[in-house]
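Summary of the model geometry
Letter by letter, the chains look like this.
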Amino acid sequence: TNATGTGNTMPDMSMDPMQMMQNMDPAQIKQMIQMVRDNPAMFKEMIRSTNPAMADQMTDEQISKTMDTFANLDERKIGWLLKLMNLVQKVRGAVKGK
């Protein structure tokens, strides 16, 4: 079940993608990657919600290549990347707070 207790294991796409991924295990992230892999518009919208400038600069081809790269990662590497992204986000928050 998910955080809402509905039994739906897919993430709520309306929340901040970084926050959403921090609450997911690598298997769920891999499932999400597979879902958005064939839908570049969805991925672009997720990026736009966190970094509009980057989303506007990415082409559908770049998005597809990025998704292919992530889709080929195993769950251990996804977990490692998740920890790294969490660390980067904490550092950014600390720098912005100064």
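Note that this is a predicted model, so its numbers are computed, not measured.

1. Side note on the nonpolar core
Proteins that are soluble and globular tend to have nonpolar side chains buried together. The biggest cluster of nonpolar side chains holds 18 residues, and the ones touching the most others in it are Ile29, Met32, Ile33, Phe43 and Met67. Residue assignment for this core shows that the elements contributing at least two residues are helix H1 (17–22), helix H2 (26–37), helix H3 (40–50), helix H5 (60–71) and helix H6 (75–97). Those residues in contact with isoleucine 29 that lie beyond four places of it in its chain are Met21, Met24, Ile78 and Leu82.

2. Things to note about a nonpolar patch on the surface
Together, Trp80, Leu84, Leu87, Val88, Val91 and Val95 give the surface a local cluster of nonpolar side chains, amounting to about 580 Å² of exposed area. Examined against the element boundaries, leucine 87 turns out to sit in helix H6.

3. Comments concerning the environment of methionine 21
On the secondary structure map, methionine 21 appears in helix H1. For methionine 21, a relative accessible area of 13% corresponds to the buried category. Sequence separation between methionine 21 and methionine 32 is eleven residues, and the spatial gap between their C-alpha atoms is 9.6 Å. Those residues in contact with methionine 21 that sit more than four places away from it in its chain are Ile29, Met32, Leu82 and Met85.

Conventions used here
- Residues numbered from 1 in each chain as written.
- Predicted model: local features only at pLDDT ≥ 70, side-chain atom pairs only at ≥ 80, totals over all residues.
- Heavy atoms only, no water.
- Core = buried A, V, L, I, M, F, W, Y, C linked by side-chain atoms within 4.5 Å.
- Buried < 20%, exposed > 50% of the residue type's maximum accessible area, 1.4 Å probe, protein only.
- Helix = DSSP H or I, 4+ residues; strand = E, 2+ residues; numbered from the N terminus.
- Contact = heavy atoms within 4.5 Å.
- Patch = residues over 30% accessible without salt bridge, like charges linked within 9 Å, V, L, I, M, F, W, Y side chains within 5 Å.
- Areas by Shrake-Rupley, 256 points an atom, 1.4 Å probe, with all protein chains shown as cover.
- Salt bridge = Lys/Arg side-chain N within 4 Å of Asp/Glu carboxyl O.

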